[in-house]
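# Breakdown of the fold
Okay, here's what each chain looks like letter by letter:
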Amino acid sequence: MEALGVWNYWVVVLLMMIGLYTVIARDHLVKKLIGLGVFQVSVIMFYVSMGKVTGGTAPIIPDEVPAEGILYSNPLPHVLMLTAIVVGVATLAVGLALVVRIREAYGTAEEDELQRMNGAQS
Amino acid sequence: MSSKPPMRMREKVLLRVASRVFIPLILLFALYVQFHGDFGPGGGFQAGVIFAAGFVLFGLIFGLETLQQVVPWSIVERSVALGLLIFGGVGVACLLRGGRFLDYGVLDHHSSMHGQHLGILIIELGVGLTVAATMLAIFYAMAGRERT
Amino acid sequence: MWIEIVLFALLVITAVTIAGLNDLFAAAMLSGIFSLLCASLFTLMDAVDVAFTEAAVGAGISTVLMLGALSLTGNRENQQPLRLGPFVVVLLTGAVLIYGTLDMPAYGDPAAPIHQHVAPEYIAGATAEFGLPNIVTVVLGSYRGFDTLGETAVIFTAGVGVMALLLGRRKRRDGDEVETSGEGHGDAKS
């Protein structure tokens, strides 16, 4: 029964592996970035689910009702992941910009074709 | 917006009318999220993204040229750096007032709590500015490029 | 509990569909749906600020960026069968990671080590020292101000990086690219 308590981490690992498979097995570079996004979201999910407290509430202190004795979920993972999401989209944009430039230079964004081209040149 | 939208979009009346209603609401909501972030869910990161999303929607419906007339590239380019400068500047201001870097308590003479409120408000503004401007800059760079 | 399980199941189905699709346009749209499902899950896990960000970023900006990039790179991917090598690697990695989770504290356990160290101080300090209701904002802005400054610098750097990658060449070659750019900017997005 104790092992079933960590089912949330199992789902996270499952999502992470789907993302990882997309990154290493698919050829199109944009598809790899989408896979990387799935991977990233699974890491965020890992942290946020770690911060959840059963019976807790969102870490915002209510105004009028007596605020003592309320159980809050851990705010620290929320802070870290909040910034990570926005940084994630900024780095995703850098990745997409790189793909666009690769596509312009080589005429394709498929990794196997790129490798074939590089092999033919050298 | 007096300038003409691109040909294909002009026919999509529903999109244009709906976006005219929604875009001001999105921008207003972004400002609410920005300045109410101390009290409810929200803050600079979310507000910046929502603000940029409003302008991106505008750009998608009315065309990039129209968007660039509303928000010129020079403003976007400068805001990217300005937001980070505001954030760092608050830290330096704390140093100059005799506190530690990013220790906002010294920003107000009377109570350190007010200083903290002020500091958090200003750095959230800086964060929001940088995030919104960066997202818009990325959109400009991506959408303004021709397929070769 | 049951809502979370259903949402997690939907999430996994969406992820598998994304991994299997050859149509990248559909994959980009599905990744927006994926983000929205995640945002619902974050709300259930009490992370309202994270949910907010994920909904705005994942379902809004990143989908638009992905579609913008696809309009520049083409949205069909070559057909590919399931590859055995990567699949085995992924399976092994997953098994090791799941073995690692067996030592983790149970989901939602209030006695977990993560809740013992700094979090109670933050929660107590938000009212006592700051008088601000949103603990996340207090930690983000004040307790971990350096962290946030660094993150903002990363976003700034990423923005500069994209500008350097996508805007540099266009300026230099402005003269000879005018003839080829017959179509308007808005058309590519519509």
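Residues numbered from 1 in each chain as written. Chains lettered and ligands numbered in written order. Predicted model: local features only at pLDDT ≥ 70, side-chain atom pairs only at ≥ 80, totals over all residues. Heavy atoms only, no water.

Counting its secondary structure elements, chain A contains four helices and zero strands. Walking chain A from its N terminus toward its C terminus, one meets helices and strands in the order α-α-α-α. Relative to the globule expectation of 14 Å for 122 residues, the C-alpha radius of gyration of chain A, 21 Å, shows a markedly less compact shape. Dimensions of chain A, computed from the C-alpha atoms along their principal axes, are close to 70 × 35 × 15 Å. A total of 122 residues make up chain A; the buried ones form 58% of that total. Put simply, of all contacts in chain A between residues at least 6 apart along the chain, 42% involve residues at least 24 apart. On chain A, roughly 4,800 Å² of surface is accessible, and the fraction owed to carbon and sulfur atoms is 64%. (Helix = DSSP H or I, 4+ residues; strand = E, 2+ residues; numbered from the N terminus. Rg over C-alpha atoms; globule rule 2.2 N^0.38 Å. Buried < 20%, exposed > 50% of the residue type's maximum accessible area, 1.4 Å probe, protein only. Contact = heavy atoms within 4.5 Å. Areas by Shrake-Rupley, 256 points an atom, 1.4 Å probe, with all protein chains shown as cover.)

Right, let's talk about the overall build of chain B for a bit. Within chain B, the secondary structure is distributed over six helices and zero strands. Put simply, chain B runs from its N terminus to its C terminus through helices and strands in the order α-α-α-α-α-α. The C-alpha radius of gyration of chain B comes to 19 Å, more than 25% above the 15 Å expected for a compact globule of 148 residues. With the principal axes as the frame, chain B shows a C-alpha extent of 60 × 35 × 25 Å.

Before going further, it helps to examine the nonpolar core. Core analysis: the biggest nonpolar cluster contains 130 residues, and A:Met45, A:Leu96, B:Leu67, B:Tyr104, C:Leu11, C:Phe34 and C:Phe42 have the highest contact counts within it. Of the residues forming this core, the biggest block, 15 residues, is contributed by helix α3 (residues 75–106) of chain A. (Core = buried A, V, L, I, M, F, W, Y, C linked by side-chain atoms within 4.5 Å.)

What follows deals with the interface of chain B and chain C. Facing 51 residues of chain B, the contacting portion of chain C comprises 51 residues. On the chain B side of the contact with chain C, B:Phe45, B:Met142 and B:Arg145 bury the most area, a combined 14% of that side's loss. At the surface where chain B touches chain C, the tally comes to ten residue pairs in polar contact (both at pLDDT 80 or more). Of all the secondary-structure elements, those providing two or more residues to the side of chain B that touches chain C are α1 (7–10), α2 (13–35), α3 (44–62), α4 (64–70), α5 (73–96) and α6 (112–143) of chain B. Here the element with the most residues in the side of chain B that touches chain C is α6(B); it accounts for 17 residues. Its residues placed into classes, the side of chain B that touches chain C shows 34 nonpolar, ten polar and seven charged. (Buried area = accessible area lost by both parts, 1.4 Å probe. Polar contact = N/O pair within 3.5 Å; in protein donor to acceptor, adjacent residues only side chain to side chain. Nonpolar A, V, L, I, M, F, W, Y, C, P; charged D, E, K, R; others polar.)

Before going further, it helps to spend a moment on the interface of chain C and chain A. On the chain A side, the residues contacting the 89 residues of chain C number 74 residues. A buried area of about 7,400 Å², summed over both sides, lies between chain C and chain A, and 76% of it is on carbon and sulfur atoms. The largest share of the area that chain C buries against chain A comes from C:Asp46, C:Tyr107 and C:Leu165, three residues that together contribute 9% of it. The interface formed by chain C and chain A contains two salt bridges. (Salt bridge = Lys/Arg side-chain N within 4 Å of Asp/Glu carboxyl O.)

As enumerated under the stated definition, the model contains seven salt bridges over all chains in all. B:Asp103 is the salt-bridge partner of B:Arg100, the closest N and O atoms lying 3.3 Å from each other. Note on B:Asp103: relative accessible area 23%, which makes it partly exposed. One salt-bridge network, held together by shared partners, links A:Arg101, A:Glu104 and B:Arg145.

Looking now at helix α5 (residues 119–130) of chain C. The terminal C-alpha atoms of α5(C) lie 15 Å apart, and with twelve residues this matches the ideal 16 Å at 1.5 Å per residue to within 8%. Restricting attention to buried positions, one finds in α5(C) the residues C:Ala119, C:Tyr122, C:Ile123, C:Gly125, C:Ala126 and C:Phe130. Tucked into the core, α5(C) has its buried residues touching α3 of chain A, α6 of chain B together with α6 (135–143) of chain C. (Expected span 1.5 Å × (residues − 1).)

Another point: α6(C). Residue and element names in this part refer to chain C. Across the nine residues of α6, eight count as buried, placing the element largely inside the fold. Turning to α6, its buried residues are Ile-135, Val-136, Thr-137, Val-138, Val-139, Leu-140, Gly-141 and Ser-142. The backbone nitrogen of Val-136 lies 3.1 Å from a side-chain oxygen of the residue at the head of α6, namely Asn-134.

Contact pair α6(B) / helix α3 (residues 48–73) of chain C: the axes reach a minimum separation of 10 Å and the direction vectors enclose 20°. As summarised for this structure, α6(B) and α3(C) are arranged roughly parallel, according to the angle between their axes. At the point where α6(B) passes α3(C), the crossing takes the left-handed sense. Here B:Met135, B:Ile138, B:Phe139 and B:Met142 of α6(B) lie close against α3(C), whose contacting residues are C:Ile61, C:Val64, C:Leu65, C:Gly68, C:Ala69 and C:Leu72. (Axes fitted to C-alpha atoms, helices over the stretch in contact; angles between N-to-C directions. Parallel < 35°, antiparallel > 145°, perpendicular 65-115°, else oblique. Left-handed = near helix turned anticlockwise from the far one by under 90°.)

Applying the stated criterion across every chain, the model contains twelve aromatic pairs over all chains. Note on B:Phe29 and B:Tyr32: the rings are 6.2 Å apart at their centroids and 25° apart in plane angle, and the pair reads as stacked. Remark: B:Tyr32 and B:Phe29 occur in helix α2; sequence separation between them is three residues, near one turn of the helix. Following the ring pairs from residue to residue traces out a cluster consisting of A:Trp7, C:Phe8 and C:Tyr107. (Phe/Tyr/Trp six-rings, centres within 6.5 Å; stacked < 30°, edge-to-face > 60°.)

Further remarks concern the packing of α3(A) against α3(C). Interaxial distance between α3(A) and α3(C) falls to 10 Å at its minimum, and their mutual angle equals 0°. By the angle between their axes, α3(A) is roughly parallel relative to α3(C). Here A:His78, A:Met81, A:Leu82, A:Ile85, A:Val86, A:Val89, A:Leu92, A:Ala93, A:Leu96, A:Val99, A:Val100 and A:Arg103 of α3(A) come into contact with α3(C), specifically with C:Asp49, C:Val50, C:Thr53, C:Glu54, C:Val57, C:Ile61, C:Ser62, C:Leu65, C:Met66, C:Ala69, C:Leu72 and C:Thr73. Each residue belonging to the contact of α3(A) with α3(C) can be placed in one class, and the counts come to 17 nonpolar, four polar and three charged.

Attention now goes to the side chain of B:Asp38. With respect to the helices, strands and loops of the structure, B:Asp38 is situated in the loop between α2 and α3. There is no salt bridge for the buried B:Asp38, and the closest opposite charge comes from C:Arg144, which lies 17 Å off by N-O distance. Apart from the residues within four sequence positions on either side, B:Asp38 is in contact with B:Ile120, B:Leu121, C:Leu132, C:Pro133, C:Asn134 and C:Thr137. (Lys, Arg positive; Asp, Glu negative; His and termini not counted.)

Moving on to unusual backbone geometry. Positioned with a positive phi, B:Leu102 is a non-glycine residue whose angle comes to about 60°. Locating B:Leu102 in the fold gives a position in the loop between α5 and α6. A relative accessible area of 5% places B:Leu102 in the buried class. Despite not being glycine, C:Asp46 has its phi angle at roughly 70°, a positive value. With respect to the helices and strands, C:Asp46 occurs in the loop between α2 (24–44) and α3.

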